[in-house]
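# Residue-level structural notes
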Amino acid sequence: MGTAVQAAAATQVPPMDLMRAQEMLESRSGYSVTLNAVAHTCQHPSNLPCEDTWSSGAFTLLNDPAKDWCEWAIFDGHAGPRTAELLKQVLPGAVGEAMWQAKCFERPYVPNDNVIISTIKKAFVALDSQLIKQAKELIESGKPDRANIIAAASAVHSGSCALLALYDPKKHILRVANTGDSRAVLGRWDKEAGKYTAQPMSVDQTGFNQEEVARLKREHPDEDVVDPKSGRVHGIAVSRAFGDARWKWPQEVTRRAHDLFWGPSPRPDNMIKTPPYMTAEPEVTETRLQTGAHPDFLVMASDGLWDNMSSEDAVACVELWLEKNKPTNFLEKAKKEGFMASIGLGGTGGRPRLALNGNAQSPSVPTYSSMADLNGDDDTYSDKDGSLMWRVNPKHFVNEDQNCGIHLVKNALGGKRRELFCGVMSIQPPLSRSVRDDITVHVVFFGVDTQDLINN
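First, a word on what this report is: a plain description of the structure on this page. (Residues numbered from 1 in each chain as written. Predicted model: local features only at pLDDT ≥ 70, side-chain atom pairs only at ≥ 80, totals over all residues. Heavy atoms only, no water.)

### Overview of the overall build of the chain
Where we set the bar: Secondary structure follows DSSP: runs of H or I at least 4 residues long count as helices, runs of E at least 2 residues long count as strands, and numbering of each begins at the N terminus. A simple rule labels every residue: compare its accessible area, found with a 1.4 Å probe on the protein chains alone, to the largest value its type can have, and call it buried under 20%, exposed over 50%, or partly exposed in between. Here, residues are in contact when the closest pair of their heavy atoms is within 4.5 Å. For the area figures, the Shrake-Rupley method with a 1.4 Å probe applies, and any residue is considered shielded solely by the protein chains shown.
Across its full length, the chain carries 13 helices and 15 strands. Out of the 456 residues belonging to the chain, those deemed buried represent 55%. Look at the contacts in the chain between residues 6 or more apart in sequence, and 72% of them connect residues 24 or more apart. Of the roughly 19,700 Å² of accessible surface on the chain, 52% is carried by carbon and sulfur atoms.

The structure is reproduced here in structure tokens:
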């Protein structure tokens with residue numbers, strides 16, 4: 001449905017009024033439910049097809065829903081959607097299988113348990129290594145099976161970041177594994193400040209991260225791998241990712257893939273000397289969640305959201321939403337109207353569980369129809385590479401959506417500034433890619449008891 005809507009818009013390029021833009025966001029929004037957590041999800045593509053994808057699920061291995069670990073993930077693809085789509089299908093399950101084999105699910109809690117952390121890391125690396133190795137061996141094999149070789153290599157010619165959150169509801173432990181520059185931030189209530197504050201659950205892995213620069217320098221001591229101005233690693237914007245074989249294979253393998261199997265062009269001569277320059281190994285962070293009157297929530301998003309919104313402002317945006325909404329409102333409505341079958345519970349890692357989002361509420365706060373209505377407050381606008389760019393902050397936020405994922409995306413793309421929002425929504429592929437990136441958002445609310453709502 002969402003893809004069809006985007007394809008139709010890209011073909012016709014209709015001017016988006018507020019109602020049409022709202023419909024576009026709602027076509028790719030929904031919810032997922034566990035016994036004590038609810039996630040609101042929204043995706044707005046820029047590429048056609050969208051290079052982002054996502055998953056949510058539960059590891060139903062212990063025969064007790066109260067103990068089932070939950071997962072939410074975002075896969076931000078680049079140079080095509082193939083790697084991200086493959087990860088959606090296999091990475092959560094691969095991590096779950098590895099953790100089951102290592103008996104992680106019933107281990108007594110130890111802060112930053114090395115067994116659990118190393119198991120997650122090994123699962124990420126093993127999957128990427130398998131994909132890279134398999135494609136390399138096929139390309140070097142000399143077999144005449146050109147179609148199958150091209151198909152296998154396609155999953156590593158493109159690339160993808162991976163952001164995976166794992167929640168142990170019995171012990172109230174949240175772990176986040178991050179490969180790339182998608183980001184997770186926890187909203188945690190600060191009693192003294194009387195508001196939610198942002199607690200990072202990941203760090204962007206790019207050439208602007210000095211720890212990543214130092215790591216690459218240690219691994220390639222005689223090379224200038226990172227461009228300090230752009231933060232790019234031999235031309236690519238992230239320092240860790242799945243796929244991206246051109247940064248992991250020897251140059252002669254990439255050249256063979258290009259010459260014989262129509263793969264992407266090799267990096268310039270003398271650049272790829274001591275591969276690999278990228279890794280899929282994630283950094284893993286953890287926290288014990290706080291529940292009660294002001295329970296924690298987690299914002300996970302691909303970098304398309306963070307291009308226009310800071311972590312602190314994303315948390316403030318969700319807090320604004322909570323002032324007039326409950327995370328379970330859609331469940332209460334669903335039960336009252338008798339369509340609970342459309343809302344998924346449990347399931348296996350990597351399988352989306354969506355319910356259709358309700359209509360947006362009428363605007364309840366003043367909005368602006370043009371930049372002039374901002375009373376000359378144009379400091380969030382700048383001219384960059386010949387294109388109009390923008391940033392948002394709380395003074396621009398509007399609070400009118402039932403789905404918190406839509407709420408975040410809409411505010412990142414303009415919020416109260418309706419002319420900006422409708423303009424950004426109107427721009428279509430391929431021009432849209434120079435204005436905004438694909439955006440995928442999960443907002444996960446913890447400490448939510450859904451049992452009475454999902455049990456008929």
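### Considerations on the side chain of Arg436
We count it as follows: All tallies of charge rest on Lys and Arg as positive and Asp and Glu as negative; His and the ends of each chain are not included. The salt bridge definition used is simple: a Lys or Arg side-chain nitrogen within 4 Å of an Asp or Glu carboxyl oxygen. N or O atoms closer than or at 3.5 Å make up a polar contact, with two conditions inside protein: a donor-capable atom paired with an acceptor-capable one, and, for residues adjacent in sequence, both atoms drawn from side chains.
Relative to the elements of secondary structure, Arg436 occurs in the loop between α12 (418–426) and β15 (439–446). Look at Arg436: it is buried, it has no salt bridge, and the nearest opposite charge is Asp438 at 5.9 Å. Polar side-chain contacts of Arg436 include one of 3.1 Å to the backbone oxygen of Val424. With residues near it in sequence (within four places) discarded, Arg436 still touches His44, Pro45, Ser46, Val424, Met425 and Ile427.

### Considerations on the pattern of salt bridges
All told, the structure shown has 17 salt bridges when counted by the stated rule. Taking the shortest distance from any N to any O, the salt bridge between Asp113 and Arg107 comes out at 2.8 Å. Between Asp401 and Lys410 there is a salt bridge, and its shortest N-O distance comes to 3.1 Å. Lys410 matches Asp401 in its accessibility class, with the two residues each being buried. Three or more residues joined by partner-sharing salt bridges are found here, namely Glu212, Arg215, Glu219, Arg240 and Glu283.

### Focus on helix α11 (residues 404–412)
In terms of burial, α11 is largely enclosed, as nine of its nine residues are buried. Taken together, the buried positions of α11 are Cys404, Gly405, Ile406, His407, Leu408, Val409, Lys410, Asn411 and Ala412. Measuring from the side-chain oxygen of the N-cap residue of α11 to the backbone nitrogen of Gly405 gives 2.7 Å; that N-cap residue is Asn403. Once α11 finishes, Gly414 follows within two positions and takes phi at roughly 145°, a positive value.

### What to know about the environment of Gly180
Examined against the element boundaries, Gly180 turns out to sit in the loop between β7 (173–179) and β8 (183–190). Assessed through its relative accessible area of 0%, Gly180 is described here as buried. Sequence-wise, Gly180 and Ser239 are 59 residues apart; in three dimensions their C-alpha atoms are separated by 6.7 Å. When sequence neighbours within four positions are dropped, the list of residues in contact with Gly180 reads Cys161, Val203, Asp204, Gln205 and Arg240.

### Quick word on the sheet that holds strand β2 (residues 37–44)
The line we're drawing: For two strands to pair, DSSP has to find at least two bridges joining them. The axes are straight lines fitted to the C-alpha atoms, using for helices just the contacting stretch, and the angles between their N-to-C directions are given from 0 to 180°.
Taken together, six strands build an open sheet; the order of strands is β1-β2-β15-β12-β8-β9 and the sheet is antiparallel. Only two strands of the sheet have a single partner each, and these edge strands are β1 (29–33) and β9 (195–200). In this sheet, adjacent strand axes meet at a mean angle of 20° when their direction is disregarded. Sheet topology places β8 next to strand β12 (residues 297–301); five bridges connect them, and they run antiparallel. In the sheet register, Leu186 faces β12, and the bridge partner there is Leu298.

### Some thoughts on the pairing of β8
With respect to burial, β8 is a largely interior element, six of its eight residues being buried. By the bridge criterion, six bridges tie β8 to β9 in an arrangement that is antiparallel. When the sheet's bridge partners are listed, Gly187 is paired in β9 with Ala198. In textbook terms, the turn of a hairpin is the stretch between consecutive antiparallel strands, and for β8 and β9 this stretch comprises four residues, one of which, Gly194, has a positive phi near 70°.

### Quick look at the packing of helix α4 (residues 114–141) against helix α7 (residues 251–261)
For clarity, the threshold we go by: These descriptions rest on fixed angle ranges, namely under 35 degrees for roughly parallel, over 145 for roughly antiparallel, 65 to 115 for roughly perpendicular, and the rest for oblique. Handedness of a crossing follows from how the near helix is turned relative to the far one, being left-handed for an anticlockwise turn of less than a right angle and right-handed for a clockwise one. Classes in brief: Ala, Val, Leu, Ile, Met, Phe, Trp, Tyr, Cys and Pro nonpolar; Asp, Glu, Lys and Arg charged; the others, Gly included, polar.
Relative orientation of the contacting elements α4 and α7 amounts to 60°, with a least axis distance of 10 Å. Judged by the angle between their axes, α4 and α7 are oblique. α4 and α7 meet at a crossing whose hand is left-handed. In contact with Lys136, Ile139 and Glu140 of α4, α7 contributes Val253, Arg256, Ala257 and Phe261. Residue classes in the contact of α4 with α7 are distributed as four nonpolar, no polar and three charged.

This is a description of form; function is not addressed.
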